[in-house]
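Overview (structure and organization)
In case you want the letters, here they are:
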Amino acid sequence: MMRITDVVKNLLIINVLMYFATRYLWGNPDRFILALFYPTSDFFHPYQLVTHMFMHADINHLLLNMLGLYMFGSSLEAFWGSKKFLFFYLFCGFGSMILYLLVRYLEVGLNVDNTPMLGASGAIFGLMAGYAMLFPNNIISLLFPPISLPAKYFVLIYAAAELFFGLGIVDVGKGVAHFAHLGGALFGFLLILYWQKYGSKL
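This report concerns the structure included in the present document.

Calculation rules
Residues numbered from 1 in each chain as written. Predicted model: local features only at pLDDT ≥ 70, side-chain atom pairs only at ≥ 80, totals over all residues. Heavy atoms only, no water. Core = buried A, V, L, I, M, F, W, Y, C linked by side-chain atoms within 4.5 Å. Buried < 20%, exposed > 50% of the residue type's maximum accessible area, 1.4 Å probe, protein only. Helix = DSSP H or I, 4+ residues; strand = E, 2+ residues; numbered from the N terminus. Contact = heavy atoms within 4.5 Å. Polar contact = N/O pair within 3.5 Å; in protein donor to acceptor, adjacent residues only side chain to side chain. Expected span 1.5 Å × (residues − 1). Axes fitted to C-alpha atoms, helices over the stretch in contact; angles between N-to-C directions. Parallel < 35°, antiparallel > 145°, perpendicular 65-115°, else oblique. Left-handed = near helix turned anticlockwise from the far one by under 90°. Nonpolar A, V, L, I, M, F, W, Y, C, P; charged D, E, K, R; others polar. Salt bridge = Lys/Arg side-chain N within 4 Å of Asp/Glu carboxyl O. Bend = angle between axes of the 7 residues up to and from the residue. 1 Å grid on protein atoms, 1.4 Å probe; cavity = no way out; pocket = protein on both sides within 12 Å on 5 of 7 lines; lining within 4 Å. Points joined across faces, edges and corners; volume = space filled by probe spheres on them.

Structural notes on the nonpolar core
Membership of the largest hydrophobic core comes to 35 residues, with the highest contact counts inside it found for Leu69, Phe85, Phe88, Tyr89 and Leu127. Per-element tally for this core: the top contributor is helix α5 (residues 121–134), with eight residues. Apart from the residues lying within four places of it in its own chain, the contact partners of phenylalanine 88 are Leu76, Trp80, Gly126, Leu127, Gly130, Gly188, Leu191, Ile192 and Trp195. In this structure, Tyr100, Leu101, Val108 and Met117 belong to the second largest nonpolar core, which totals eight residues.

Encoded structure:
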């Protein structure tokens, strides 16, 4: 098993503490005030641009994202080092938000939208993209469905599914910010291409 690296461990702790604090100390509906609301909403606050990445809707949402953080994040942090990994993680999280807000603008314009977006999923998709680029032939095994694939194929199939869901080609996954997921993967992919060409000072 992969050792849990330092930044990954701290991110796990922060996400878990945020989940239980907001769910059981604040209660509904106040706990969603740290989620990201569309800027035209009365519920929008600038701090949500950061805090939404550490919020989760339910325990399954939290556990799936934390599993992804451990699976992909520890390998990337061990490869890059803590500082570069943390920058990559946050860059993917903000990239996820940017694409999400752009798509929402194309959908609703300047109309009021009170639907919140929350979760570390965008950053996790960035980690998946990074893992597939650096370790393309490493095998990823799933329990459900019980299949094993090289990382490069796993991420491509997952990204294609998110695109289909986001465009409504496949009518499942309602209420999921599919383009936020794609934004995290896209920004992660572009950042690694930049580092490969120009290097990094991190």
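There's plenty left to go through after this.
Brief notes about the side chain of histidine 52
By the element assignment, histidine 52 lies in the loop between α2 (48–51) and α3 (59–80). Only 2.9 Å separates the side chain of histidine 52 from the backbone oxygen of glutamine 48, close enough to count as a polar contact. A polar contact of 3.2 Å, which involves the side chain of histidine 52, links it to the backbone oxygen of leucine 49. Every residue in contact with histidine 52, bar those within four places of it in the chain, is listed here: Leu34, Ala35, Leu36, Gly93, Met97, Met117, Leu118 and Gly119.

Here's the deal with the environment of asparagine 114
Position of asparagine 114 relative to the elements: it lies in the loop between α4 (82–108) and α5. For asparagine 114 and tyrosine 38, which are 76 residues apart along the polypeptide, the C-alpha to C-alpha distance reads 6.7 Å. The residues contacting asparagine 114, other than those within four sequence positions of it, are Phe37, Ser41, Asp42 and Phe43. Polar contacts involving the side chain of asparagine 114 include one to the side chain of serine 41, which spans 2.5 Å.

As for helix α7 (residues 178–198)
Compared with an ideal rise of 1.5 Å per residue, which puts 21 residues at 30 Å, α7 spans 30 Å between its outermost C-alpha atoms and is within 8% of the ideal. Buried-residue contacts for α7 involve α3, α4, α5 and α6 (151–167). The first or second residue beyond α7 is glycine 199, which carries a positive phi of 80°.

What about the packing of α3 against α4?
Contact pair α3 / α4: the axes reach a minimum separation of 7 Å and the direction vectors enclose 135°. In terms of axis orientation, α3 runs oblique to α4. Where α3 crosses over α4, the handedness of that crossing is right-handed. Listed contacts from α4 to Leu69, Gly73, Leu76, Glu77 and Trp80 of α3 are Ser82, Lys84, Phe85, Phe88 and Tyr89. Partitioning the contact of α3 with α4 into residue classes produces six nonpolar, two polar and two charged.

Side note on the pattern of salt bridges
Going through the model one piece at a time under the given rule, you end up with two salt bridges. In this structure, aspartate 113 engages arginine 104 in a salt bridge whose closest nitrogen and oxygen atoms are separated by 2.5 Å. The pair formed by aspartate 113 and arginine 104 is uniform in burial state, with each residue classed as buried. Several salt bridges converge on common partners, so that one network encompasses Arg104, Glu107 and Asp113.

A look at α3
Here α3 contains 22 residues, and its C-alpha end-to-end distance of 30 Å stays within 8% of the 32 Å for a straight helix at 1.5 Å per residue. If you look at α3, its biggest bend is around 35°, right at glycine 73. Near the N-terminus of α3, the side chain that reaches the backbone nitrogen of asparagine 60, with its oxygen 3.1 Å away, is that of aspartate 58. Immediately downstream of α3, the backbone of glycine 81 shows phi near 100°, a positive value.

Details of empty space enclosed by the protein
This structure, assessed with the given rule, holds one cavity of 30 Å³ or more. In this model, the largest cavity occupies a volume close to 30 Å³. For the lining of the largest cavity, the secondary structure elements donating two or more residues are α4 and α5. Split by residue class, the lining of the largest cavity holds four nonpolar, five polar and no charged.

Any functional reading would require information beyond the geometric quantities listed.
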